[in-house]
Protein chains: 2
Amino acid sequence: MSILKGAALVGQSGGPTAAINATLAGVIKGAIENSEAITKLYGMRNGIEGFLAERICDLSEIFTAEEGTPDEDKLSLLAATPAAALGSCRKKLPDPKADKAFFENLIELFKKYDIRYFFYIGGNDSMDTVAKLTAYLKDADYEMRVMGVPKTIDNDLAGTDHTPGFGSAAKYIAATVSEIIRDCAVYTIPAVTIVEIMGRDAGWLTASAGIPSLLGRDAPDYIYLPEVPFSMSSFMDDVRAALLRHPNVVIAVSEGVRDENGKYAGESAQSGVTDAFGHKYLSGTGKALELAVKAEIGCKVRSVELNLSQRCAAHLQSATDIAESRGVGAAAAYAAVAGKTGCMMAMDRQAGEYSVSFEAKEIAGIANAVRSVPREMINAEGNYVTDECLEYILPLIQGEMANKYENGLPVHFVI
Amino acid sequence: MSILKGAALVGQSGGPTAAINATLAGVIKGAIENSEAITKLYGMRNGIEGFLAERICDLSEIFTAEEGTPDEDKLSLLAATPAAALGSCRKKLPDPKADKAFFENLIELFKKYDIRYFFYIGGNDSMDTVAKLTAYLKDADYEMRVMGVPKTIDNDLAGTDHTPGFGSAAKYIAATVSEIIRDCAVYTIPAVTIVEIMGRDAGWLTASAGIPSLLGRDAPDYIYLPEVPFSMSSFMDDVRAALLRHPNVVIAVSEGVRDENGKYAGESAQSGVTDAFGHKYLSGTGKALELAVKAEIGCKVRSVELNLSQRCAAHLQSATDIAESRGVGAAAAYAAVAGKTGCMMAMDRQAGEYSVSFEAKEIAGIANAVRSVPREMINAEGNYVTDECLEYILPLIQGEMANKYENGLPVHFVI
């Protein structure tokens, strides 16, 4: 196979994570190391939306050291920086059959910059972009290789053992819930603390709050995931039972818990707004449950929303996650140069001691599929996860980064 | 002066911090190192309230290594553990003149365990306990030395340059707000993010959010402290002005901001409950401002409450704070053995390069005084802090701890 020579374009899309810049660092490294094929790496600012306005930057220039090799110091700082350094967008591409003009315009732009490689780092919605572009290119007279690179704290992408970004979020959640449990243990007055964790449809993040229980440490009393229909009366029974056992009740709940009719527990406090992909905008599940417990049981109760820090607390990255995030980004660049296109770089867990292999998988079967927590990883009562679930997550939170601090604060790299 | 020989009693009181156990570790170390005077160190569980029920533990036994010296490994783990390891309480002691029986009962308990040293680690309300006990002991026929050891994330204690626990909270806030700013920077849609920070009457914690600006890094657009009357219309003007400058507006606001009539910005969302000391229970200031911006300006807006992690995120302790917290605890033990009583151990900042000295100061002038952010450390508009304020805080967040992790999570020491 002859080498496809030309520029590459990389973008980040969807919600920020603490590891999406590590994946970008991996793509940059992989691109610079393959300079016989990838002559230059452009970054699109704010994803495909920014590229349409030709808002791009020259990442090769920024991240190539004097010797022509990747600048490891800069790449390490980039990998330690939370959120999408290139900016993000939530643009949904049109159907290639319905809006050819859109794609023709896009191809003209690719031609203008001689772009032959396209890397898109993101979650489900970003893989939809990869799939549509791939579908259009099949019949287009333009050779370009398109690779999706996964990231999402939600861990809900199909085709991969887990997603880059999830491990760091899970580590932050498990550590923070452990700290909150210590905080809650200091008083003797009966009190219920409800910790609301991200995860609209997939409960992986909320499940992570249970990791201390696997390690024999103090853990939340109950864990509620969106995968099991939420019953307010069972929840109240659980809270009452916990208060009989000890005064410092801590509960982890996914923002997305809903009853068997699909009504969100926090719906009363919702705005009803939906985003560009039609997802309901959620907030206030913890607060809604707090008010319900106060009204029904009457004890001291508070809710804590872990909020943005779950996805941007780069100061507590998982070293395993960061190594894998960088690895999957680099692997995408190598795979594309080797001829792969229309794929997402996935991670397969190996048998025996924990390790992963990187594999490019057809995007068609991956985009728009959601991987939830399987029912058998949740206990029969639907109020905790099984050890099997926690054992799946545990390797992903291992290891701490020695990220750089200056003047007492973590250093971020702003592109 | 002859040596006062007997047991010592140590307790923790008030709200948890990420450093209060470091101060406890200091007291333990100081006590064990002074075993010629302090024959045994008891810990009261849940502060003075637990002691009244004789709920105590033998800290000398737990923390003395085989050689009779302090067990440094255990003390380090304790210092890395958030929240009060002995438990806490919010009990207000009666007036010694009004309720002699209460104190007589207390003295009987001290006699029972031969307690000659009393260390109480806490904030304003705990120093009130120290002051009352000191006042009672003056005319009582029982020799006991009483020392207050400061801790509070709020940094609002009088008589000390700053309080142990504040530096770690400030570091967490500055780092987390920096991460949130990165998170907010990824989209191009105008959006306002309001970060609500603890601090009922003192704005020190909220001021810490401004540290990145002193370092030339991206920082919040505005900072509102409780020390300046809050005007909703000026706030809206500020938000509009910021939105003209850039789309990713981030605002730091103290939970305690209130208008010139003393009405809290978040009062509409309050429960009206007060705690045992008559403080109003606050929550929802950020949420109230979020709803106000949504209604008046109509842009995308969200609020983030840093909540419990501000005071219990031991995984991001300031090394300076932990060293000082341990130091002030040990200094209290040494000072008491040397004859001090009725004092709080304070920290005085030295001239020149940053350092502190520990000094025992009379409790009388310290208890129940609140040290707010001086008006001259806030800008004329009342919507930011001055560089002088940030330069005062900066040394307190310096240094990172190499705390122990096991299985991906920080190790906590449970007494």
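Scroll up to find the structure.
Residues numbered from 1 in each chain as written. Chains lettered and ligands numbered in written order. Predicted model: local features only at pLDDT ≥ 70, side-chain atom pairs only at ≥ 80, totals over all residues. Heavy atoms only, no water.

As for the relation of the copies chain B and chain A
Copies of the same chain, two in number, are related to each other by a rotation about an axis and a translation along it.
Turning to step 1, where the next piece is worked out: Turning chain B through 180° and shifting it by 0.0 Å along the axis lays it on chain A, with an RMSD of 0.0 Å. The relationship between the two copies is best expressed as a two-fold rotation axis. Closest to the rotation axis within chain B is the C-alpha of Glu305 of chain B, separated from it by 3.7 Å.
Turning to step 2, where the next piece is worked out: Counting the interface residues of chain B, we find that 100% of their copies in chain A are interface residues as well, pointing to one common contact surface. (Least-squares fit on C-alpha atoms with pLDDT ≥ 70 in both. Contact = heavy atoms within 4.5 Å.)

Quick notes on a negative patch on the surface
Turning to step 1, where the next piece is worked out: Residues Glu376, Asp387, Glu388 and Glu391 of chain A make up a contiguous surface patch of negative charge.
Turning to step 2, where the next piece is worked out: Assignment of secondary structure puts Glu391 of chain A in helix α14 (residues 387-393). (Patch = residues over 30% accessible without salt bridge, like charges linked within 9 Å, V, L, I, M, F, W, Y side chains within 5 Å. Areas by Shrake-Rupley, 256 points an atom, 1.4 Å probe, with all protein chains shown as cover. Salt bridge = Lys/Arg side-chain N within 4 Å of Asp/Glu carboxyl O. Lys, Arg positive; Asp, Glu negative; His and termini not counted. Charge placed at Lys NZ, Arg CZ, Asp CG, Glu CD. Helix = DSSP H or I, 4+ residues; strand = E, 2+ residues; numbered from the N terminus.)

Details of the sheet that holds strand β8 (residues 248-254) of chain A
Residues and elements named next belong to chain A.
Turning to step 1, where the next piece is worked out: The strand order β7-β8-β6-β9 describes an open sheet built from 4 strands, whose pairing is parallel. Across the chains shown, the open sheet's two edge strands, defined by having one partner strand only, are β7 (222-224) and β9 (300-305). Across the sheet, the axes of successive neighbouring strands diverge by a mean angle of 20°, strand direction being ignored.
Turning to step 2, where the next piece is worked out: The sheet contact formed by β7 and β8 spans 3 bridges and is parallel. Within β8, the position partnered with Ile223 by the bridge is Ala252.
Turning to step 3, where the next piece is worked out: Contacting β6 (191-197), β8 and β9, helix α7 (residues 166-184) crosses the sheet at an angle of about 165° to β6.
Turning to step 4, where the next piece is worked out: This element, helix α11 (residues 285-296), spans β6, β8 and β9 of the sheet and lies at about 160° to β6. (Pairing = 2+ DSSP bridges. Axes fitted to C-alpha atoms, helices over the stretch in contact; angles between N-to-C directions.)

Let's talk about the packing of helix α1 (residues 20-32) of chain A against helix α4 (residues 72-79) of chain A
Residue and element names in this part refer to chain A.
Turning to step 1, where the next piece is worked out: Remark: α1 packs on α4, axes separated minimally by 7 Å, with the N-to-C direction vectors making an angle of 155°. The angle between the axes of α1 and α4 places the two elements in the roughly antiparallel class. Each of Asn21, Ala22, Leu24, Ala25, Ile28 and Lys29 in α1 lies in contact with α4, whose residues at this interface are Glu72, Leu75, Leu78 and Ala79.
Turning to step 2, where the next piece is worked out: Within the contact of α1 with α4, the residues separate by chemical class into 7 nonpolar, 1 polar and 2 charged. (Parallel < 35°, antiparallel > 145°, perpendicular 65-115°, else oblique. Nonpolar A, V, L, I, M, F, W, Y, C, P; charged D, E, K, R; others polar.)

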